[in-house]
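# Structural overview for review
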Amino acid sequence: MSTASHTLTVAFSRTAQLLPRRSDWAHGRPRRDLTAGLMVGLVALPLALGFGVSSGMGASAGLVTAIVAGAVAAIFGGSRFQVSGPTGAMTVVLVPIIGTYGRDGVLVVGLLAGLILIGLAYAGAGRFIRYVPVPVVEGFTVGIAVIIALQQLPGALGVDAHAEKVVPLAVEAVRAWVATPHGVPLAITVAVAVLVLALSRVVPLLPGSLIAVTAATLANSVLGWGAASIGQIPHNLPRPSLPDVPWAELDALLLPAVAVAALAALESLLSATVADGMSVGQRHDSNRELAGQGLANLVAPLFGGIPATAAIARTAVNVRSGATSRLAALTHAVVLLLIVLVAARWVGEIPRAALAGVLIATAVQMVRVSALAALMRSTRGDAAVLAITAVATIAVDLVTAVIVGLVVAGFFALRETARSARLEEILLDDADHVDEEQALLDQHIVAYRLDGPLFFAAAHDFLLELADVTRVRVVILRMSRVTAIDATGAQVLADTITRLENRHVTVLLSGVRPEHEKVLRELGVYGGLAHERHLFTSTPDAIEHARVHASRIAHTAQESAK
C-alpha cells in the first residue's frame, strides 16, 4: 500500500470513529431526558445571558452560543450528558480579545479554535487530559472564579468601567461608584446572589438563578427602580454568515485562537470526566468530545455566537435531573430557542445587576472549599502549585497559568521522585553471609546498590560523595534496581567512575538493564571503566572478579614491598 493510500485509510478510519452513531441515542428514556433538558434550559438561560454580557459581545451572543453550540455538541460530542455553551472561563479569555480586535476578531478566533480542536481530535490528543494534576485544575478554577466575580463589579455597582485586565477594571468601577454612589443595582446584585445560593442549598433541583432573576426583573419593572436592563434580544436566530475576516491581523489572531482551543479542550474534557463520575457505567470518548466542541465552535460564530465549551455546572444539573441520553442536552438548546422566539421582549428587561448577581453566585459555587482545604493540607508542593496557578490566572491569563502550574507541579514531582533514590553499601542481599561480607571488606572490596531513579539531584546527592571513598581497591556498583536514568545521572556517574579509576580504584558494574545501556554508553560511563570486561550481568560474577582483582593487587603490593 502506498503512503498516500495509507494516509487516506487512516484519515477515513479516524473520521468514522469521530462521527455520531446510532448507539448514541440507544437505551435512553425520552420522558426523563425531556424533563432534564427543560430543567437545564431554565438554569442555562440567565447564565447564557450573563456570560454573553460579561464577554462584551452582548446577551444575544450568549443565547445564540448556548442554542447553536449546545445543539451541535450534543449531537457530535463524546459524552451522553455533556451540556455546552458560553462559560465563565471562556469569557475571561474573550474580554481582552474583543478589546483588541473587536467583534469580528472574536468570531474569527472562534472559527480558528474550532479547526484546532478538530485537529486535536484527529491527532488523538484527548488522552492527555489525564496528565493535568488536580492542584493545577483547582488553582485555575479558583482564579477563574475570582475573575468572574471581579468582572461583575461594573454591573453590580451600576457604573461604566473599561479596562483590559480585571483588577484595574474592578478598581475603576469602585472609584466610579464612590464618585456617584447609588444603591439599587448593588442591592439587586446582592439579593439575587444570596437567593441563588440559598435556593441551591435548600432546593437544588429548582432553577434558582431563573427564579431570582425573574423576581428581580418584576421588582425593577413594577416598583420603577430604574436599574439598567440588558437591552433588546432578537426574536429569532440571525442568518448564518461569515464574519469579516481581518486579514491583516490573522497572524495575530492565531495565538488567541490557540488559547481558546486549549481552554475549550481542557474545560470540556474535565467536565466530561465529572459527568462520568456522577453516572454509573458511562465513559466519554475524549477525542469525539474534542471533535464535537470543534464543530460547535465552527458553527456558533456563523450565527454571531462566541466560542463555547462544555459547562460543568449545567452538565451536573443535567445528570442530577435524571438525563439518560444526548436528548436532554439537545432539549436544553431547543428550550432556549423557544424562549428566544416567544419571550425575547421580556428577557431584554432583565436588569444587568441581576445577571451580575447570578454570575457572582456561580463564581462562589465554583470554589469547593473542602477540596481546597484538603489540597492545602496535603503537601507543600500541592499547596504551592494551587496558589501559583490561581495567582497566574488572575494576573496573566488562563493558558499561561496552566502551563506555569504544570511546570511547577513537574518540578515538585521530580524532586519527590529524586528523593526516593537511595544508595546503600551492601554486597549480598542474604543476611546469612555476614562473615563472607566481612572477608570481602577485609580485601578492600565494597559494593553499593543503587535503588530508584538516577537523575538530577539524586545523582549529585550520592554519586559525587562516592568518589571520595578511601582505602578501597574495588567498587562494585549494583545497577539492577535503577528504575530510570537520564543524561544528568549518566554524566555524574561517568565522572564518578573516572575519578575513582584515576585514584587506582577499580569500578565494576553489575546488573545494568538493557534499556539503560544506550544512555550509559553514549555519555561515557562505559568509557570510564578500565575495560568493558568490568561489566557483569550478575553481582556474584562481579564479586568473584573483584576477589581475583583485589588478590592480584595485594600480591603486587607485597612484591613491591620486598
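Residues numbered from 1 in each chain as written. Predicted model: local features only at pLDDT ≥ 70, side-chain atom pairs only at ≥ 80, totals over all residues. Heavy atoms only, no water.

## A closer look at helix α9 (residues 208–222)
For clarity, the threshold we go by: What counts as a helix is a DSSP run of H or I of at least four residues, what counts as a strand is a run of E of at least two, and both are numbered from the N terminus. A helix is expected to span 1.5 Å for every residue after the first. Burial classification: accessible surface area is computed with a 1.4 Å probe over protein chains only, and a residue below 20% of its type maximum counts as buried, one above 50% as exposed, and the rest as partly exposed. Note on contacts: a residue pair qualifies if any of its non-hydrogen atoms lie within 4.5 Å across the two residues.
Compared with the 21 Å implied by 1.5 Å per residue over 15 residues, the 21 Å span of α9 between its first and last C-alpha is a close match. Taken together, the buried positions of α9 are occupied by G208, S209, L210, A212, V213, A216, T217, A219 and N220. Summarising the contacts, the buried residues of α9 are in contact with α2 (30–55), α8 (184–202) and α14 (352–366). Trailing α9 by a residue or two, G224 shows a phi angle of about 65°, which is positive.

## Details of the packing of helix α10 (residues 250–278) against helix α12 (residues 312–320)
Using the following cut-off: The angle between two axes is taken between their N-to-C directions and runs from 0 to 180 degrees, where each axis is a line fitted to C-alpha atoms and a helix contributes only its stretch in contact. For classification purposes, an angle smaller than 35 degrees is called roughly parallel, one larger than 145 roughly antiparallel, one from 65 to 115 roughly perpendicular, and anything else oblique. Should the near helix be turned counterclockwise from the far one by less than a right angle, the crossing is left-handed, whereas a clockwise turn marks it as right-handed.
Here α10 crosses α12 at 20°, and the two axes come no closer than 9 Å. Between α10 and α12, the crossing angle belongs to the class labelled roughly parallel. Between α10 and α12 lies a crossing of right-handed hand. Contacts from S271, V274, A275 and M278 of α10 reach α12 at I312, T315, A316, V319 and R320.

## A look at a nonpolar patch on the surface
Counted only if it meets this: Distance thresholds for patches are 9 Å for like charges and 5 Å for nonpolar side chains (Val, Leu, Ile, Met, Phe, Trp, Tyr), applied to residues having over 30% relative accessible area and no salt bridge. Working definition of accessibility: Shrake-Rupley area with a 1.4 Å probe, residue cover restricted to the visible protein chains. Any Lys or Arg side-chain nitrogen found within 4 Å of a carboxyl oxygen on Asp or Glu counts as a salt bridge.
Together, V184, L218, V222, L223 and W225 make up an exposed nonpolar region whose accessible area comes to about 500 Å². Structurally, W225 is set in the loop between α9 and α10.

## Side note on unusual backbone geometry
Here H444, not a glycine, exhibits a phi torsion of approximately 65°, which is positive. Tracing the chain through its elements places H444 in the loop between α18 (434–442) and β4 (445–454). Looking at H444, the relative accessible area reads 23%, which means it is partly exposed. Positive phi is not limited to glycine here, since H504 has a value of about 65°. When you line up the elements, H504 lands in the loop between α20 (487–502) and β7 (506–510).

## Describing the packing of helix α5 (residues 134–151) against helix α7 (residues 166–179)
At their nearest, the axes of α5 and α7 sit 9 Å apart, and the two run at 30° to each other. Between α5 and α7, the interaxial angle falls into the category roughly parallel. Remark: the crossing between α5 and α7 carries left-handed chirality. From α5, I147, L150 and Q151 reach across to α7, where they touch V166, V167, L169 and A170.

## Comments concerning helix α16 (residues 380–395)
The end-to-end C-alpha separation of α16 is 22 Å, in line with the 22 Å expected for 16 residues at 1.5 Å each. Among all positions in α16, only G381, A383, V385, L386, T389, A390, A392 and T393 are buried.

## What to know about the packing of aromatic side chains
Where two aromatic rings form a pair, the distance of their centres and the angle of their planes describe that pair. Applied cut-off: We call Phe, Tyr and Trp rings a pair once their centres come within 6.5 Å, taking the six-membered ring for Trp, and we label the pair stacked below 30 degrees between planes, edge-to-face above 60, and tilted otherwise. Whether a charge sits over a ring depends on NZ of Lys or CZ of Arg being within 6 Å of the ring centre and within 35 degrees of the ring normal.
Under the criterion given, the structure shown has one aromatic pair. Their ring planes at 70° and their centres at 5.3 Å tell us that F411 and F412 sit as a pair that is edge-to-face. One cation-aromatic arrangement involves R345 over W346; the distance from NZ or CZ to the ring centre is 4.5 Å.

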